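Inside the fold
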Number of protein chains: 2
Amino acid sequence: MKASEIRELLKLLDQPGVISFAGGIPDPKLFPAGEAAKAYADALASPASASAALQYSVSEGYPPLTRWIAAHMAKLGVPATQENIVVTSGSQQGLDFAGKLLLSPNDTALVTAPTYLGALQAFSAYEPRYDTLRPEHGNRTPQSYREAASAAGGQVKFAYVVPDFANPTGETLSSEARRALLALADELDIPILEDTAYHALRFEGANVPSIQALDVARVGSLDASRVVYFGTFSKTIAPGLRVGWVCASRALIRRFVLVKQASDLNVSVINQMVMQRLAETRHEALIEAAIKSYRAKRDAMLAALAAYMPKSVRWTRPEGGLFVWATLPESVSGAELLERAVREVKVAFVPGGAFFHDGSGANTIRLSFSLPEPAAITEGVRRLASLL
Amino acid sequence: MKASEIRELLKLLDQPGVISFAGGIPDPKLFPAGEAAKAYADALASPASASAALQYSVSEGYPPLTRWIAAHMAKLGVPATQENIVVTSGSQQGLDFAGKLLLSPNDTALVTAPTYLGALQAFSAYEPRYDTLRPEHGNRTPQSYREAASAAGGQVKFAYVVPDFANPTGETLSSEARRALLALADELDIPILEDTAYHALRFEGANVPSIQALDVARVGSLDASRVVYFGTFSKTIAPGLRVGWVCASRALIRRFVLVKQASDLNVSVINQMVMQRLAETRHEALIEAAIKSYRAKRDAMLAALAAYMPKSVRWTRPEGGLFVWATLPESVSGAELLERAVREVKVAFVPGGAFFHDGSGANTIRLSFSLPEPAAITEGVRRLASLL
């Protein structure tokens, strides 16, 4: 089942009574609509502010926003300045730009299997080959990756990971796995693309330092780091403003800025102004509210899975984020289960196969707990289990 | 002088007393700040609207906006449906996507010399070679373009033009030139990329039908047309919302939509909602006000050029848009004149060389009349002429 077919099927789901674990999108009940309305009004209140809000601007990003982001990165252990930041149209655009800057056809991108579908879509435009990282179960040797890339007519150009509460698995890379990845990247002399979309949404357990923070601590400065950090406000404030960022060495950020300029000049200035205000005044509170809501939903999902699923089904126990990842018996196809689930019990999810670059994972499914309320989650899992 | 050096120099200009003909950007006095504030407030007023405004959305674009755009295209002689439209982050992003979809390294893009610098930046990411269109002075034969492309190791992939009040020359292609371009494109079997950023800003003279409208009239339907139309609200409503569109055959738009999804998912939904409201209620009135303002400024610039410039300088007489293009004596460098103009008489403009793919045009300059008031335009041209 192709991603496009899945999308078609999911379009059928906008009807009452369907419980959807499909969309990996934030709960709109958490959006700060009132504060956003006030921030838009203020951005347009004075002629000087309105002129800036509605005009073209520099490709680097709105300076008060890049200042906020640099200070935010410092709190995460990455001593960034504004020159280490470029604002992008969500972190998705940062991934696209990384593909554009780093990949030529037949080059190799190292990714986990499964990984974020949108990253595969962004990178695939540049016609790479993929090879598989296994950060928690032992990567192959640098030589093995290098030789396979060379045999395919290119070079290994980067390693891409979602280290925290990953889309789609919900799993988090241990410090050891992060350090091993840095060691592999050293040997291959490649950048690590660190996609941190869900990092702020930790419900429990100890924070694991970002790969970029670990690298900066090793090598002494962000400008010497090989890690490219992709951040976003989409899961903490709201995705509809399309504001994310890339944090990396100044030399690399200068190249991203040129790509941004050639691609679409700049992110909407008024949206950057509003996001800066929301980040300045509401970031902590919004994250706190999101954690409280999503934790209750995750708890409902894990409890329902334990109560209703047969022993032959296994699943992850995420410490944060939006996703649980389930592995069905080998003989059960996630895509076929989706068709039955939609028709017979009005439950939706995403079959896991779409997240694998290598065509495997047919017996896996991604269950997002972000949108339904806890009672609906319980009911949805019960219905889904009745099919197994 | 490289584009980056020009930018550095232009950054020096944000100081009182400098008269800038440099930025090719709309006059912020024309932005509908009050209406925009009301539209943002309304988009966020109800929980249902706020949820949609701040959430992810479909990559095709906000349906009420694509409906408005399709109706707008119909008024221009292009019978479009919503399936012929994709919303992009300004028309710049449409140009980037066209390069991504159509160009491989060493392929040939046909462009005028000079042409829009941002188009060259967007296309150059995909490593094409450029060859030169001369729509008003006789293009070469199809065979000549084809053989040159083949010798360079690729094929001719498209022809790109800004047919109305072009950036940078201010000139408009005649109907004959448009038909000749269609005939050339037929022979080469390539798309024509029609960048219409300034089309609405006609001060005088008869409208020339768009190349897409001419093609649809010939071939009978938009789905059979080889023209890809790039539209934008940046010069008529405001650029800061980053909303533009591509209009083309459904088959090609489906490919643009996939590229949009992989690149940055969707244009900010709240900005699309606001733009739809502004387009619905204020499009005609805003264009009328812009034409009135820019016409007076153009008149001031043309009068001052006639009054002060030596006979050795020639310039265009645009019927609309934002730009006059001047050709200096062969021995005078536009880049050197800029350095003198900034230092000695506090006047800025863009040297024309940056707009030529072939390194020519050293003795040309682009004068934008969009930002200064008429009296400042007169004074700025007087000062500039004093250097020549």
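Remarks on the side chain of Thr115(A)
- Topologically, Thr115(A) is positioned in the loop between strand E3 (108-112) and helix H6 (117-124).
- Contacts of Thr115(A), omitting those with residues within four sequence positions, involve Leu120(A), Tyr160(A), Asn167(A), Pro168(A) and Phe355(A).

Overview of the relation of the copies chain A and chain B
- Mapping chain A onto chain B calls for a screw motion: a turn of 180° about the axis and a shift of 0.0 Å along it, with 0.0 Å RMSD after fitting. Within this description, the copies of the chain are treated as partners about a two-fold rotation axis.
- Mapped onto chain B, 100% of the interface residues of chain A are again interface residues, and the two copies thus contact each other with one and the same surface.

Brief notes about unusual backbone geometry
- For the bond running from Ala113(A) to Pro114(A), omega is 5°, close enough to zero to count as cis.
- Considering the arrangement of structural elements, one finds Pro114(A) in the loop between E3 and H6.
- The phi dihedral of Arg242(B) is positive, around 55°, even though this residue is not glycine.
- Positionally, Arg242(B) belongs in the loop between strand E7 (227-232) and strand E8 (244-247).

Notes on the sheet that holds E3(A)
Residues and elements named next belong to chain A.
- Taken together, 7 strands build an open sheet; the order of strands is E2-E8-E7-E6-E5-E3-E4 and the sheet is mixed. Lying at the two open borders of the sheet, with one neighbouring strand each, are strand E2 (85-88) and strand E4 (129-133). Taking the axes of each pair of neighbouring strands and ignoring which way they run, one obtains an average angle of 25° across the sheet.
- Note that E2 and strand E8 (residues 244-247) share 4 bridges and pair antiparallel. In the strand pairing of E8, Ile 85 is matched with Cys 247.
- Its contacts with the sheet put helix H5 (residues 90-102) on E2, strand E5 (156-161), strand E6 (192-195), strand E7 (227-232) and E8, and the angle it makes with E7 is roughly 155°.
- Lying over the sheet, helix H10 (residues 250-264) contacts E2, E7 and E8, oriented at roughly 30° with respect to E2.

Focus on the interface of chain A and chain B
- Contact with chain A, which involves 44 residues of that partner, is made by 44 residues of chain B.
- For the pairing of chain A and chain B, the buried interface totals around 3,700 Å² over both sides, and the portion due to carbon and sulfur atoms is 58%.
- When residues of chain A are sorted by the area they lose upon contact with chain B, Leu54(A), Gln55(A) and Tyr56(A) head the list and together hold 18% of the total.
- Counting across the chain A and chain B interface gives 2 salt bridges.
- Salt-bridge contacts for Asp96(A) lead to Lys100(B); the nearest nitrogen and oxygen are separated by 2.7 Å.
- At the surface where chain A touches chain B, the tally comes to 26 residue pairs in polar contact (both at pLDDT 80 or more).
- Sorting elements by how many residues they give to the side of chain A that touches chain B places H10(A) first, with 5 residues.
- For the side of chain A that touches chain B, the per-class residue count stands at 25 nonpolar, 13 polar and 6 charged.

Some remarks on the sheet that holds strand E10 (residues 323-327) of chain A
- Read from one edge to the other, the open sheet built from 4 strands follows the order E9-E10-E13-E12 (chain A), with strand pairing classed as antiparallel. Lying at the two open borders of the sheet, with one neighbouring strand each, are strand E9 (314-315) and strand E12 (350-351) of chain A.

Regarding the domain arrangement of chain A
Residue and element names in this part refer to chain A.
- Each assigned domain of chain A is listed with its residue range as follows: domain 1 (3-32 + 285-386) and domain 2 (55-282).
- A separation of 26 Å is found between the C-alpha centroids of domain 1 and domain 2.
- If you look at the interface, domain 1 gives 30 residues, while domain 2 gives 33 residues.
- Buried area between domain 1 and domain 2, summed over both chains or domains, comes out near 2,700 Å², and the portion from carbon and sulfur atoms is 66%.
- A per-residue breakdown of the area domain 1 buries against domain 2 is headed by Glu 319, Phe 355 and His 357, which together make up 26% of the total.
- Here domain 1 is connected to domain 2 by 2 salt bridges.
- Linking Arg 202 and Glu 319 is a salt bridge whose minimum nitrogen-to-oxygen distance equals 2.8 Å.
- The interface formed by domain 1 and domain 2 contains 12 residue pairs in polar contact (both at pLDDT 80 or more).
- Listed by contribution, the elements that provide at least two residues to the side of domain 1 that touches domain 2 are helix H1 (3-11), helix H11 (269-308) and E10.
- Looking at the side of domain 1 that touches domain 2 element by element, the count peaks at 8 residues for H11.

What counts as what
- Residue positions within a chain follow its written sequence, with the count starting from 1.
- Here chains are named by letter from A upward and ligands by number from 1 upward, in the order in which they appear as written.
- For this predicted model, a pLDDT threshold of at least 70 governs which residues receive local features, and a threshold of 80 or more governs which side-chain atom pairs are given and counted, while totals over whole chains, interfaces and linings are taken from all residues.
- Only hydrogens and water are removed before side-chain values are computed, so all heavy atoms of the structure are retained for them.
- For the purposes of this entry, the term helix denotes a DSSP run of H or I that reaches at least four residues, the term strand denotes a run of E that reaches at least two, and both are numbered from the N terminus.
- We call two residues in contact when some of their heavy atoms are within 4.5 Å.
- Fitting of the copies onto one another was done by least squares over C-alpha atoms, counting residues only where both copies have pLDDT of at least 70.
- At least two bridges found by DSSP between two strands are what make those strands a pair.
- Helix axes are fitted to C-alpha atoms over the stretch in contact, other axes to C-alpha atoms as well, and angles between N-to-C directions run from 0 to 180 degrees.
- Buried area: the accessible surface (1.4 Å probe) lost by two parts on joining, summed over both.
- We define a salt bridge as a side-chain nitrogen of Lys or Arg found within 4 Å of a carboxyl oxygen belonging to Asp or Glu.
- We call two N or O atoms a polar contact when they sit within 3.5 Å, provided that within protein one can donate a hydrogen and the other can accept it, with sequence-adjacent residues counted only if both atoms are side-chain atoms.
- For this classification, the nonpolar set comprises Ala, Val, Leu, Ile, Met, Phe, Trp, Tyr, Cys and Pro, the charged set comprises Asp, Glu, Lys and Arg, and every other residue, Gly included, is treated as polar.
- For the domain bounds, the source is a domain assignment made automatically or taken from a database.

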